[in-house]
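Tertiary structure, described
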Amino acid sequence: MKIRKTIAAAALLLVAVVPLAACGTTGETAAATTQVQQAGPGGQGGPGGVDVSSVSSVEDLNALVQSAYGEAGLGLHRGHEPVQDVLDEVLSISHDELHVRMDSGQNLAAVATDLGIDPTTLVNAMVDSWSPAIDELVTAGTITQAQGEQYRAALTEAFTFKVNWDGQEATPTFTGV
């Protein structure tokens, strides 16, 4: 109980001190980012204006996969806002508690493991939340089913990188399948 109170107190302090930029947004872009994120499946949009629900070209899809890697400049947070609904559902902890854990040096895999959740479950949920963008392009005939599976594998690789990132490895560049 004492640990929970300490975490809650630390979370309240972080809410007051940690800038919104730790989530991948700034005060100037928070409203616009929130609007983009709410447009996609499960409220998910990608960083940099990539909106999961409006991916209509291979270029958009490439940008979406790249955004799944996250932004290294945001530390272990890597811009988790685009998948916050998934994190909330799978991890079942508050955004504030997630920040406390990440600010103390845990990546998403460590947070999941501490909570008794296989990190692969988290990765799969993230991929599932962004897969409708791939499905739409397959349905529209923009990409083949085989290419769709390659993009799904690329999303899995990108989200696996994001979840397991140790703070050191350079972010890969995705150029397409």
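Residues numbered from 1 in each chain as written. Predicted model: local features only at pLDDT ≥ 70, side-chain atom pairs only at ≥ 80, totals over all residues. Heavy atoms only, no water.

**Some words on the nonpolar core**
When a protein is soluble and globular, its nonpolar side chains tend to lie buried together. Residues Leu-61, Leu-91, Leu-122, Met-126 and Phe-159 are the most contacted members of the largest nonpolar core, which totals 39 residues. Elements supplying a minimum of two residues to this core: helix H3 (58-68), helix H4 (84-91), helix H5 (95-103), helix H6 (108-114), helix H7 (119-139) and helix H8 (145-164). Not counting the four nearest positions on each side in its chain, Met-126 is found in contact with Val-83, Val-86, Leu-87, Leu-108, Phe-159 and Val-163. (Core = buried A, V, L, I, M, F, W, Y, C linked by side-chain atoms within 4.5 Å. Buried < 20%, exposed > 50% of the residue type's maximum accessible area, 1.4 Å probe, protein only. Helix = DSSP H or I, 4+ residues; strand = E, 2+ residues; numbered from the N terminus. Contact = heavy atoms within 4.5 Å.)

**Side note on the environment of His-95**
Mapped onto the fold, His-95 is located in helix H5. Note: C-alpha distance between His-95 and Gln-84 (eleven residues apart in sequence) is 7.9 Å.

**Focus: H4**
When H4 is considered as a whole, its buried residues turn out to be Gln-84, Val-86, Leu-87, Val-90 and Leu-91. Viewed along the axis of H4, the buried residues span an arc of 155 degrees, placing them on a single side of the element. Close packing links the buried residues of H4 with H5, H6 and H7. Remark: Ser-92 follows H4 within two positions and exhibits a positive phi of approximately 55 degrees. (Arc of directions from axis to C-beta.)

**A closer look at the packing of aromatic side chains**
What describes a pair of aromatic rings is the distance from one ring centre to the other and the angle between the planes of the rings. Scanning the model with the defined rule gives three aromatic pairs in all. Geometrically, the ring pair formed by Tyr-69 and Phe-161 is edge-to-face, given 5.5 Å between the ring centres and 70 degrees between the ring planes. Taken as a pair, Tyr-69 in the loop between H3 and H4 and Phe-161 in helix H8 lie far apart in primary sequence, 92 residues in all. The exposure class of Tyr-69 is buried, given its relative accessible area of 3%. (Phe/Tyr/Trp six-rings, centres within 6.5 Å; stacked < 30°, edge-to-face > 60°.)

**Some details on H7**
Look at H7: 30 Å from first C-alpha to last across 21 residues, which is about the 30 Å you get at 1.5 Å a residue. The largest bend in H7 is about 40 degrees, located at Trp-130, with the proline Pro-132 one to four residues further on. Buried within H7 are the following residues: Pro-119, Leu-122, Val-123, Met-126, Val-127, Ser-129, Trp-130, Ser-131, Ala-133, Ile-134 and Leu-137. The elements touched by buried residues of H7 are H3, H4, H6 and H8. Where H7 begins, one side-chain oxygen reaches toward the backbone nitrogen of Thr-120, 2.9 Å away; that side chain belongs to Asp-118. (Expected span 1.5 Å × (residues − 1). Bend = angle between axes of the 7 residues up to and from the residue. Polar contact = N/O pair within 3.5 Å; in protein donor to acceptor, adjacent residues only side chain to side chain.)

**Describing the confidence of the model for the chain**
Looking at the chain as a whole, its pLDDT mean stands at 77, while 72% of the residues score no less than 70. The least confident element of the chain, judged by mean pLDDT, is helix H2 (residues 30-37) at 31; the most confident is H8 at 97. Across residues 1-49, where pLDDT falls below 50, the model places 69 contacts with residues more than four positions away in sequence or in other chains. (pLDDT = per-residue confidence, 0-100.)

**A look at the packing of H3 against H8**
Between two packed helices, both the angle of their axes relative to each other and the distance between the axes serve to describe the pair. Between H3 and H8, whose axes approach to 7 Å, the crossing angle comes to 25 degrees. By the angle class used here, H3 and H8 are roughly parallel. Every residue of H8 that contacts H3 at Val-58, Leu-61, Asn-62, Val-65, Ser-67 and Ala-68 is listed here: Tyr-151, Ala-154, Leu-155, Ala-158, Phe-159 and Lys-162. Residue composition of the contact of H3 with H8, by class: nine nonpolar, two polar and one charged. (Axes fitted to C-alpha atoms, helices over the stretch in contact; angles between N-to-C directions. Parallel < 35°, antiparallel > 145°, perpendicular 65-115°, else oblique. Nonpolar A, V, L, I, M, F, W, Y, C, P; charged D, E, K, R; others polar.)

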